[in-house]
Amino acid sequence: MKCRVCRHPAVIDVRRHNANFCEEHFVKLCRDQVVKAIKAFDMLSPGDRVLVAVSGGKDSLALWDILLGLGLGYEVDGLYLGLGIGEYSEASGRHARKFASDRGLRLLEVDLRSEHGFDIPNGSRAAKRPPCSSCGLSKRHLFDQAARDGDYDALATGHNLDDEAAVLFGNVLRWEGEYLARQMPVLPAGNGFPRKVKPLVRLGERETAAYCVLRGIDYQVEECPMAEGNRHLGYKAALNAVEAQSPGTRHAFYFGFLDRAADLFRGQMVEVGPGLGTCASCGSPANGEVCAFCRLVERASGEREHTHDVAVRRVPVRLGSRRDDGVPE
Ligand code: AMP
Ligand code: FES
Ligand code: ZN
Ligand code: ZN
């Protein structure tokens, strides 16, 4: 097995590209794919201040490392959110902190339990929501807030091609027009929300894992125990089976959608109108008196009666990209 570029011994095969690569050229391939995604979707400009949401897993740590290594002058800080999911969260936090401290990088931290009075396991139980739904809502809200507070140009997440294709697959199976309309690797800033970017959309998770191993990045290998058996993992497994039989299908499915079908759904985007107000509790953009996250905090911590609920319009403030984590109520 020889490297396609230099003919030296290869360390990895990438079936989608029908090629093998040595360490040096595989790392270059990963960086080139990120640059290609950033340029194609106009995600970032040289010198941008970027906040990377880091879970301690392979994707977000690879993303942080790649953005710093591109030499495009990005100023990149990390943000770790403590979700309070037992030993899984403890270990995730340790990986994120170690990556940052080994490299002298700035890692912001927000801890759900100490700062908002609940964690994902007991909060979702009290609020009678599936864990991934409370988790998705909390992540979106706290990522937005941290990016706004720190005046960052963009908030970057480590969603990769496998993630995005699985979300697309789920949304297509049920023809979820509103979600399909939002399924883009970049969402522009507006109405008090920061620009959101997903620079790893051209890399699969096998590649981000290999990148971390080759770069000596120690990451959290465990998957979230609360996600076990959810629909999203089922869609991923189904696409893995298709990809194993015919390499390149996942890429064709996702990028074919962006090139040829995404525009058809634009009209179904739930527009957050210019009349958007401010949450009376946290100051975030909200289309009711209180934002969806603060309503979750109230219900999850059970501290107060839901006095605000009657005043709140049920239009979601900011949808996620999929049904199982995107519905605020
Ligand atoms: P997931 O929702 O677990 O598939 O993660 C998708 C992306 O969200 C990751 O690549 C990270 O960028 C970000 N993320 C997930 N969990 C956390 C966390 N606890 N703290 C900060 N960012 C996170
Ligand atoms: Fe959010 Fe698992 S990481 S429920
Ligand atoms: Zn090579
Ligand atoms: Zn609020």
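This structure is a prediction, so every number in the text was calculated from the model and none was measured.

Caption draft 1: The arrangement of the coordination of the zinc ion (ligand 3) in detail. Taken together, Cys3 (SG), Cys6 (SG), Cys22 (SG) and His25 (ND1) make up the full set of protein donors to the zinc ion (ligand 3), lying 2.0 to 2.3 Å away. Metal-centred angles of 97 to 114° between the 4 donor atoms at the zinc ion (ligand 3) mark the site as tetrahedral. Residue classification places histidine 25 among the buried residues on the basis of a relative accessible area of 14%.

Caption draft 2: Region of interest: the coordination of the zinc ion (ligand 4). Taken together, Cys279 (SG), Cys282 (SG), Cys291 (SG) and Cys294 (SG) make up the protein donors of the zinc ion (ligand 4), found 2.3 Å from the metal. Geometry at the zinc ion (ligand 4) is tetrahedral, judged from its 4 donor atoms and the angles of 107 to 115° they form at the metal. Within one chain, the residues serving as donors to the zinc ion (ligand 4) are arranged as C-x2-C-x8-C-x2-C. On the criterion of sequence distance, the pair formed by cysteine 282 in the loop between β9 (277-278) and β10 (285-286) and cysteine 294 in helix α12 (residues 292-301) is long-range, its members being 12 residues apart. A relative accessible area of 27% places cysteine 282 in the partly exposed class.

Caption draft 3: Quick look at the pattern of salt bridges. Throughout the structure, instances matching the rule amount to 18 salt bridges. Arginine 49 is paired through a salt bridge with glutamate 75; the nearest N and O atoms lie 3.2 Å apart. Taken together, the residues span a long stretch of sequence, with arginine 49 in strand β3 (residues 49-53) and glutamate 75 in strand β4 (residues 75-82) at a distance of 26 residues. Looking at arginine 49, the relative accessible area reads 22%, which means it is partly exposed. One salt bridge connects aspartate 144 with lysine 196, and the closest N-O pair in it is separated by 3.1 Å. Pair noted here: aspartate 144 is in helix α6 (residues 131-149) and lysine 196 is in strand β8 (residues 195-197), with a separation of 52 residues, a long-range link. With respect to burial, aspartate 144 and lysine 196 carry one shared label: buried.

Caption draft 4: Structural view of the side chain of serine 134. Structurally, the position occupied by serine 134 is in helix α6. Excluding residues within four positions of it along the chain, serine 134 makes contact with Ile120, Ser124, Arg129 and Leu296.

Caption draft 5: Structural detail: the site of ligand 1. Taken together, 13 residues lie around ligand 1, and Ala53, Val54, Leu81, Lys139 and Gly158 are the ones closest in. A distance of 3.1 Å separates an oxygen atom of ligand 1 from a polar atom in the side chain of lysine 139. Glycine 158 places a main-chain nitrogen or oxygen 2.9 Å from an oxygen atom of ligand 1. When ligand 1 is considered free in solution it has 480 Å² of accessible area, and contact with the protein chains removes 79% of it. Among the secondary structure elements, those contributing two or more residues to the shell around ligand 1 are β4 and α6.

Caption draft 6: Quick peek at the nonpolar core. By size, the foremost hydrophobic cluster in this structure holds 58 residues, and its most contacted members are Phe26, Leu44, Val52, Trp64 and Leu67. What tryptophan 64 contacts, discounting residues up to four positions off in sequence, is Val52, Val54, Val76, Asp77, Gly78, Phe99, Ala100, Leu105, Arg106 and Leu107. Counting 29 residues, the second-largest nonpolar core is a separate cluster that includes Leu79, Leu83, Leu142 and Leu155.

Caption draft 7: Representation of the packing of aromatic side chains. Enumeration according to the criterion identifies 7 aromatic pairs in this entry. Aromatic pair tryptophan 175 and phenylalanine 265: ring centres 6.5 Å apart, planes at 10°, arrangement stacked. In this pair, tryptophan 175 sits in the loop between α7 (161-173) and α8 (177-181) while phenylalanine 265 sits in helix α11 (residues 249-265), placing the two residues 90 residues apart along the sequence. Look at phenylalanine 265 and you get buried, because its relative accessible area is 13%. Seen from their ring centres, phenylalanine 257 and phenylalanine 265 are 6.3 Å apart, and the 35° between their planes marks the pair as tilted. Across the pair, exposure class does not vary: phenylalanine 257 and phenylalanine 265 are buried alike. Members of the aromatic cluster, each reached through a chain of ring pairs, are Phe169, Tyr235 and Phe253. The residue whose ring lies beneath arginine 202 is phenylalanine 255, and the NZ or CZ to ring-centre distance is 5.3 Å.

Caption draft 8: Summary view of the sheet that holds strand β7 (residues 186-187). Taking strand neighbours across the sheet as the criterion, the 6 strands line up as β5-β4-β3-β6-β8-β7 in an open arrangement whose pairing is mixed. On the outer flanks of this sheet lie β5 (107-111) and β7, each paired with one strand and no other. Alignment of β4 against β5, held across 5 bridges, turns out to be parallel. The residue bridging leucine 81 from the neighbouring strand is valine 110, located in β5. Across the sheet, helix α2 (residues 58-69) touches β3, β4, β5 and β6 (154-156), and the angle it forms with β3 is around 160°. Sheet strands touched by α6: β3, β4, β5, β6 and β8. Its angle to β4, the strand with the most contacts, is close to 140°.

Cut-off values and rules
Residues numbered from 1 in each chain as written. Chains lettered and ligands numbered in written order. Predicted model: local features only at pLDDT ≥ 70, side-chain atom pairs only at ≥ 80, totals over all residues. Heavy atoms only, no water. Donors = N, O, S within 2.8 Å, 3.2 Å for Na, K, Ca; no water. Tetrahedral: all angles 85-135°; square planar, octahedral: opposite > 155°, others 65-115°. Buried < 20%, exposed > 50% of the residue type's maximum accessible area, 1.4 Å probe, protein only. Helix = DSSP H or I, 4+ residues; strand = E, 2+ residues; numbered from the N terminus. Salt bridge = Lys/Arg side-chain N within 4 Å of Asp/Glu carboxyl O. Contact = heavy atoms within 4.5 Å. Near = heavy atom within 4 Å. Polar contact = N/O pair within 3.5 Å; in protein donor to acceptor, adjacent residues only side chain to side chain. Areas by Shrake-Rupley, 256 points an atom, 1.4 Å probe, with all protein chains shown as cover. Core = buried A, V, L, I, M, F, W, Y, C linked by side-chain atoms within 4.5 Å. Phe/Tyr/Trp six-rings, centres within 6.5 Å; stacked < 30°, edge-to-face > 60°. Lys NZ or Arg CZ within 6 Å of the ring centre and 35° of its normal. Pairing = 2+ DSSP bridges. Axes fitted to C-alpha atoms, helices over the stretch in contact; angles between N-to-C directions.

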